[in-house]
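Residue-level listing of the chains:
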Amino acid sequence: QVQLVEFGGGSVQAGGSLRLSCVASGRTGNNYAMGWFRQAPGKERQFVAAITGSGRSSRYSADSVKGRFTISRDNAKNTVYLQMNSLKPEDTAVYYCAARRSNYYREGPDEYDYWGQGTQVTVSS
């Protein structure tokens, strides 16, 4: 079992930055790909970014966040990060961290095995 806890959400004005952290405990290690997803009210959970277990490769959702968000991980600290810059009101959502029992990431939420409780990000105009 893997437990995930997200930190770093909050309220920010458009153009601002936030850094989300996700700390993993339990049977952790670099064998898990990690992903960030978000869900706005009334919408489906959406892929944001993912990173391989080794941290050597990452992927971002097309168009919406690429160039503004950066995913990274520190396996020594069992932590994955999502640096979010140039935030927009449409980035407002609950952000979830997820772990997949594979070194390789996928974009579908159903491909992930463990989830955090989520952290709220609110961007005002």
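Fair warning: this is a prediction, and the values are worked out from it, not measured in the lab.

Thresholds applied
- Residue numbers restart at each chain and count upward from 1, following the sequence in its written direction.
- Selection of residues for local features in this predicted model requires a pLDDT of at least 70, selection of side-chain atom pairs for listing and counting requires 80 or more, and totals for whole chains, interfaces and linings are taken over all residues.
- Only hydrogens and water are set aside; all other atoms, that is, all heavy atoms of the structure, feed into the side-chain values.
- Secondary structure elements are defined from DSSP: runs of H or I of at least 4 residues count as helices, runs of E of at least 2 residues count as strands, and each element is numbered from the N terminus.
- Radius of gyration here uses only the C-alpha atoms, and the compact-globule reference equals 2.2 Å multiplied by the residue count raised to the power 0.38.
- Summary of the burial criterion: residues with accessible area below 20% of their type's maximum are buried, those above 50% are exposed, and those between are partly exposed, where the area comes from a 1.4 Å probe applied to protein chains only.
- Here a residue-residue contact requires only that any non-hydrogen atoms of the pair lie within 4.5 Å.
- The pairing criterion is simple: DSSP has to find at least two bridges between the two strands.
- Simply put, an axis is a line fit to the C-alpha atoms, just over the touching stretch for a helix, and the angle between two N-to-C directions goes from 0 to 180 degrees.
- Here, a salt bridge means any side-chain nitrogen of Lys or Arg that lies within 4 Å of a carboxyl oxygen of Asp or Glu.

Asker: Break down the overall build of the protein chain for me, with residues and values.
Answerer: Scanning the protein chain for helices and strands turns up zero helices and 11 strands. Helices (α) and strands (β) of the protein chain occur, in sequence order from the N terminus, as β-β-β-β-β-β-β-β-β-β-β. In terms of overall size, the protein chain behaves like a compact globule, its C-alpha atoms giving a radius of gyration of 13 Å where 125 residues would be expected to give roughly 14 Å. Seen through its C-alpha atoms, the protein chain measures out along the principal axes to roughly 40 × 25 × 25 Å. Out of the 125 residues in the protein chain, the part that is buried amounts to 43%. When contacts within the protein chain are restricted to residue pairs at least 6 apart in sequence, those whose partners lie at least 24 apart make up 58%.

Asker: Which residues make up the sheet that holds strand S7 (residues 69-74), and what are the values?
Answerer: Spatially, S1-S3-S8-S7 is the arrangement adopted by the four strands of the open sheet, whose pairing is antiparallel. Of all strands in the sheet, those bounded by a partner on one side alone are strand S1 (2-7) and S7. Within this sheet the neighbouring strands show an average axis-to-axis angle of 15°, counted without direction. Note: S1 against strand S3 (residues 18-26), six bridges, orientation antiparallel. Counterpart to valine 2 in the pairing with S3 is glycine 26.

Asker: An account of the pattern of salt bridges is requested, with residue identities and associated values reported.
Answerer: All told, the structure shown has five salt bridges when counted by the stated rule. Where aspartate 91 meets arginine 38, a salt bridge forms, and the shortest distance between an N and an O atom there is 2.9 Å. Linking aspartate 91 in the loop between strand S8 (79-84) and strand S9 (93-100) with arginine 38 in strand S4 (residues 33-39), this pair joins segments that are 53 residues apart in sequence. Take aspartate 91 and arginine 38: they sit in the same class, and that class is buried. Across the pair glutamate 111 and arginine 100 runs a salt bridge, and its minimum N-O distance is 3.5 Å. Linking glutamate 111 in the loop between S9 and strand S10 (114-115) with arginine 100 in strand S9, this pair joins segments that are 11 residues apart in sequence. Look at arginine 100 and you get buried, because its relative accessible area is 12%. A network of salt bridges, in which partner residues are shared, links Arg38, Arg68 and Asp91.

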